[in-house]
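If you want the building blocks of each chain, they are given just below.
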Number of protein chains: 2
Amino acid sequence: MTETESPTGSTLTIGVVKETKPGERRVALVPKLIERLTRRGLKVVVEPGAGAGAQLADDVFTEAGATTGDAWSADIVLTVVPPSIADIERLKPGTVLIGFLAPLTNTDEVAAMKKAGITAFAVESIPRISRAQGMDALSSQANVAGYRAVLLAAQRLPKFFPMLTTAAGTVPPAKALVLGVGVAGLQALATAKRLGAQATGYDVRPEVAEQVRSVGAQWLDLGIEAAGEGGYARELTEEERARQQQRLTEAIGGFDVVITTALVPGRKAPTLVTAEAVRGMKAGSVIVDMAGETGGNCELTDPGKDIVAHDVTICSPLNLPAEMPVHASELYARNLTELLELIVDTDGKLAIDFSDEVVAGACVAGRDEEVN
Amino acid sequence: MTETESPTGSTLTIGVVKETKPGERRVALVPKLIERLTRRGLKVVVEPGAGAGAQLADDVFTEAGATTGDAWSADIVLTVVPPSIADIERLKPGTVLIGFLAPLTNTDEVAAMKKAGITAFAVESIPRISRAQGMDALSSQANVAGYRAVLLAAQRLPKFFPMLTTAAGTVPPAKALVLGVGVAGLQALATAKRLGAQATGYDVRPEVAEQVRSVGAQWLDLGIEAAGEGGYARELTEEERARQQQRLTEAIGGFDVVITTALVPGRKAPTLVTAEAVRGMKAGSVIVDMAGETGGNCELTDPGKDIVAHDVTICSPLNLPAEMPVHASELYARNLTELLELIVDTDGKLAIDFSDEVVAGACVAGRDEEVN
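Rules of the game
Residues numbered from 1 in each chain as written. Chains lettered and ligands numbered in written order. Predicted model: local features only at pLDDT ≥ 70, side-chain atom pairs only at ≥ 80, totals over all residues. Heavy atoms only, no water. UniProt positions renumbered as here; feature names shortened; annotations may be inferred. Helix = DSSP H or I, 4+ residues; strand = E, 2+ residues; numbered from the N terminus. Rg over C-alpha atoms; globule rule 2.2 N^0.38 Å. Buried < 20%, exposed > 50% of the residue type's maximum accessible area, 1.4 Å probe, protein only. Contact = heavy atoms within 4.5 Å. Areas by Shrake-Rupley, 256 points an atom, 1.4 Å probe, with all protein chains shown as cover. Lys, Arg positive; Asp, Glu negative; His and termini not counted. Charge placed at Lys NZ, Arg CZ, Asp CG, Glu CD. Buried area = accessible area lost by both parts, 1.4 Å probe. Salt bridge = Lys/Arg side-chain N within 4 Å of Asp/Glu carboxyl O. Polar contact = N/O pair within 3.5 Å; in protein donor to acceptor, adjacent residues only side chain to side chain. Nonpolar A, V, L, I, M, F, W, Y, C, P; charged D, E, K, R; others polar. Axes fitted to C-alpha atoms, helices over the stretch in contact; angles between N-to-C directions. Parallel < 35°, antiparallel > 145°, perpendicular 65-115°, else oblique. Least-squares fit on C-alpha atoms with pLDDT ≥ 70 in both. Pairing = 2+ DSSP bridges. Phe/Tyr/Trp six-rings, centres within 6.5 Å; stacked < 30°, edge-to-face > 60°. Domains from an automatic or database assignment.

- Looking at an unreviewed UniProt entry, one finds chain A named NAD(P) transhydrogenase subunit alpha part 1 and attributed to Prauserella flavalba.
- In the Function (unreviewed entry) part of its UniProt record, chain A is described as follows: "The transhydrogenation between NADH and NADP is coupled to respiration and ATP hydrolysis and functions as a proton pump across the membrane."
- On record in UniProt, under Catalytic activity (unreviewed entry), the comment for chain A is "NAD(+) + NADPH + H(+)(in) = NADH + NADP(+) + H(+)(out)".

Quick look at the structure:
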């Protein structure tokens, strides 16, 4: 256990920076959570304009008890997206940095944090255990992404999602398939179902079938299982993958909408929708590939773009949570606040306890220095 | 009753034209309805590419029994949007034209039809009686538009529509207000509700309150009533309108989403959402103004555009049904097929009976010539 006051011995400051990545509209803290921090004697400094993308003007933050100013020089800096090396160089030694830090892929950035003497907590690395659920930013943002993926699919589909009964006849509900049933996939299934589609889920982990059914969706059984650790699927063998692809390819032709969410942390996303599968779909069908950032689950995906191939629209949005910044920020801010409450004691002093598996698991830089 | 064969005495031809208005992706007839027409001995001629926008390739039409060719020279020509004067001049004398013809506003075009010897049936003018419900294209397309308006609002809103319960806390459902509860408004309410919003409807006709409640939405009672003829509201008096606006302005500030659908046929749309009301809305709120084509229900609407005013996004889509062309076309084609079956007898001969109130009501050109 290490108890540290801020360098000047005064109140610890929490910095809320303005995100520097283009298109990022989220902000790491929202006004309604500031009181939970100031109550502990913490001071919140918000970079001017930090909340603009999430419809939060500076004065809404200051009315809630924050000040505006240089958030990058705070004792604890909160970010949404992984900071660039230039961003990291703006931090003073000893800073505690908390945010999405992409530790598995952004290895140069993590090295820069270590070199700069930063103690960094990556929300991606928080162990997915019951006690840490409230800090699970991957889940909160995946919830947003899954919901938005369905809105995008519904918007692109030239058909109704719900069944419609009119005086001139009936149109059947759209058929939506969600591949990969984690938090995003489950929210996508629930949203598609809610909007009136006939929703079907598929995952290589058979244990999620019950969750799929719990939101009123059907389970697509392809007869291939690959349960893995930490809630992610293990990688399939080559033979399994070939069988999976063949059966999926056959099944996909029956759906109007396919939403793919299959991610393997730190690796290229698996291909689930082949070019052949796309060719087998009806004209006007829609694929939303949520794995575009790591190459995509569809063979024809062009990351970040909407394309039309074989009369099928293939969308690859790269940052769906940023499209719904008010609630995405609010949920994320709650996650960070819970984590903050774990590393700051009730007197507002840093109390980083590396014997706590959540704290230890989340820390991607600065632990060695603490231990030495 | 007039029985007419086509000029050559042979089979009557039904022409399905390629729409000429930019952005119009619908088509007036779909392959699955062709058999209902050919069974009567009618011949269907589809202009090449007519179905492309609705994902219907020419060969899908020909496989269903149509031929491709010059649809504009057919005996009966089906269109979606009101034809231009140039389009009308492509029709031969004696042609029967069926489609949206905007007879109340496109008076020059209707004059051109009369001059050209066209018998024209406007789907907008079909009496809204039980027997003609299957032909009610205004309703079928309004259903599409109401659904799409909610998708648009959900897409623009930086918040969830549904309530979300997460480990880190709960976000409340969005509050959506629909102004004007005709077919579009009711479908908007049903869709908003389905997607998880708290939906509220308002209309100057108090008798629709029950319909609003039937889709699970709440009724907003402002204490002003204006039931009118034909399912539309009568125009309010100036004093009533002032009171309505004041009370609405106060109410609107409590909603995240406002969808307006108030139309008065052949007239400018009434202003329901004033600039003051927009100013009173929370930052990030969304207005979808479905009355943009006749000036809009919101004072700040810029028809055809998405604008942001006072941190509120105001969308004014002008042709929502065209954004969902597969089902919009299918429903529309069913409406036209029912109308066709009313004016063509089972032997495939024209049998236009002006003593039928539906036929008489729908006819906007060509009746005088028939009577003489």
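Back to the write-up after that little detour.
Comments concerning the overall build of chain A
And step 1. The number of helices and strands found in chain A is 12 helices and 18 strands.
And step 2. Here the C-alpha atoms of chain A give a radius of gyration of 22 Å, agreeing with the 21 Å that 2.2 N^0.38 yields for 372 residues.
And step 3. Projected onto its principal axes, the C-alpha coordinates of chain A cover approximately 70 × 50 × 35 Å.
And step 4. Looking at chain A as a whole, 58% of its 372 residues are labelled buried.
And step 5. Pairs at least 24 residues apart make up 65% of the contacts formed inside chain A by residues separated by at least 6 positions.
And step 6. Here chain A has roughly 14500 Å² of accessible surface; of this, 49% comes from carbon and sulfur atoms.
And step 7. In chain A, the 35 positive side-chain charges and the 48 negative ones have mean positions that sit 5 Å from each other.

Some details on the interface of chain A and chain B
Accessible area lost on assembly of the parts is the figure often given for the size of an interface.
And step 1. Residue-level contacts link 41 residues of chain A with 41 residues of chain B.
And step 2. Between chain A and chain B, roughly 3700 Å² of surface is buried when both sides are summed, and carbon and sulfur atoms account for 63% of that area.
And step 3. Remark: the boundary between chain A and chain B carries 0 salt bridges.
And step 4. At the junction of chain A and chain B, the tally comes to 16 residue pairs in polar contact (both at pLDDT 80 or more).
And step 5. Those elements giving two or more residues to the side of chain A that touches chain B turn out to be α5 (137–156), β8 (164–166), β9 (169–171), α6 (183–194) and α10 (325–343) of chain A.
And step 6. Classifying every residue of the side of chain A that touches chain B gives 20 nonpolar, 14 polar and 7 charged.

As for the packing of α5(A) against α10(A)
All names here are of chain A.
And step 1. The geometry of α5 relative to α10 is characterised by a closest axis approach of 9 Å and an angle of 170° between their N-to-C directions. For the element pair α5 / α10, the angle class is roughly antiparallel. Touching A137, S140, Q141 and V144 of α5 are A328, L331, Y332 and N335, all from α10.
And step 2. For the contact of α5 with α10, the class distribution of residues is 5 nonpolar, 3 polar and no charged.

Here's the deal with the environment of A:V212
Residue and element names in this part refer to chain A.
And step 1. If you trace the backbone, V212 turns up in helix α7 (residues 209–214).
And step 2. The buried category is assigned to V212, whose relative accessible area is 0%.
And step 3. For the pair V212 and P93, spaced 119 residues apart in sequence, the C-alpha separation works out to 47 Å.

Quick notes on the pattern of salt bridges
And step 1. Summed over all chains, the structure comprises 33 salt bridges over all chains.
And step 2. The salt bridge partner of A:E323 is A:R148, with a shortest N-O separation of 3.5 Å. Within this pair, whereas A:E323 is found in the loop between β16 (312–315) and α10, its partner A:R148 is found in helix α5, the two being separated by 175 residues in sequence.
And step 3. Residue A:E323 is classed as partly exposed on the basis of its relative accessible area of 29%.
And step 4. The residue B:R205 makes a salt bridge to B:D203 at a minimum N-O spacing of 3.0 Å. Residue B:R205 shares its accessibility class with B:D203, and that shared class is buried.
And step 5. Each of the salt bridges in this network shares a partner with another, and the network as a whole consists of A:K32, A:E330 and A:R334.

Some points on the relation of the copies chain A and chain B
And step 1. For the pair chain A and chain B, the superposition axis carries a translation of 0.0 Å, the fit reaches an RMSD of 0.0 Å, and the rotation angle comes to 180°. The transformation relating the two chain copies, once decomposed into turn and shift, fits a two-fold axis.
And step 2. When the interface residues of chain A are mapped onto chain B, 100% of them again lie at the interface, so the same face is used by both copies.

Details of the sheet that holds strand β2 (residues 13–16) of chain A
All names here are of chain A.
And step 1. Taken in spatial order, the 7 strands line up as β4-β3-β2-β5-β6-β7-β18 in an open sheet, and their pairing is mixed. A single partner strand is all that each edge strand has here, and the edge strands are β4 (67–68) and β18 (363–365).
And step 2. Along the sheet, helix α4 (residues 107–115) contacts β6 (96–99), β7 (119–122) and β18; its crossing angle with β18, the most-contacted strand, is approximately 75°.
And step 3. Relative to β6, α10 is tilted by about 145°, and along the sheet it contacts β2, β5 (76–78), β6 and β7.

Details of the sheet that holds strand β14 (residues 286–289) of chain A
And step 1. Spatial ordering of the open sheet is given by β12-β11-β10-β13-β14-β16-β15 (chain A), a layout of 7 strands whose pairing is mixed. Each having just a single partner strand, β12 (218–219) and β15 (306–309) of chain A make up the two edges of the open sheet.

Remarks on the packing of aromatic side chains
Residues and elements named next belong to chain A.
And step 1. Taken as a whole, this structure holds 6 aromatic pairs over all chains when the rule is applied.
And step 2. Note on F100 and Y332: the rings are 5.4 Å apart at their centroids and 10° apart in plane angle, and the pair reads as stacked. With a gap of 232 residues between them, F100 in the loop between β6 and α4 and Y332 in helix α10 connect regions that are remote in the sequence. Across the pair, exposure class does not vary: F100 and Y332 are buried alike.

Regarding the pairing of β15(A)
Residues and elements named next belong to chain A.
And step 1. With 4 bridges joining them, β15 and β16 adopt antiparallel strand pairing. When the sheet's bridge partners are listed, A309 is paired in β16 with V312.
And step 2. The hairpin formed by β15 and β16 contains 2 residues between the paired strands, and H310 there has a positive phi angle of roughly 50°.

Looking at the domain arrangement of chain A
Residues and elements named next belong to chain A.
And step 1. Annotation of chain A at the domain level lists domain 1 (2–136 + 325–366) and domain 2 (144–322).
And step 2. Across the boundary between the two partners, domain 1 contributes 11 residues, which contact 9 residues of domain 2.
And step 3. Together, the buried faces of domain 1 and domain 2 total about 690 Å²; carbon and sulfur atoms form 52% of this surface.
And step 4. A per-residue breakdown of the area domain 1 buries against domain 2 is headed by R26, L104 and R128, which together make up 49% of the total.
And step 5. Scanning the region where domain 1 abuts domain 2 turns up 0 salt bridges.

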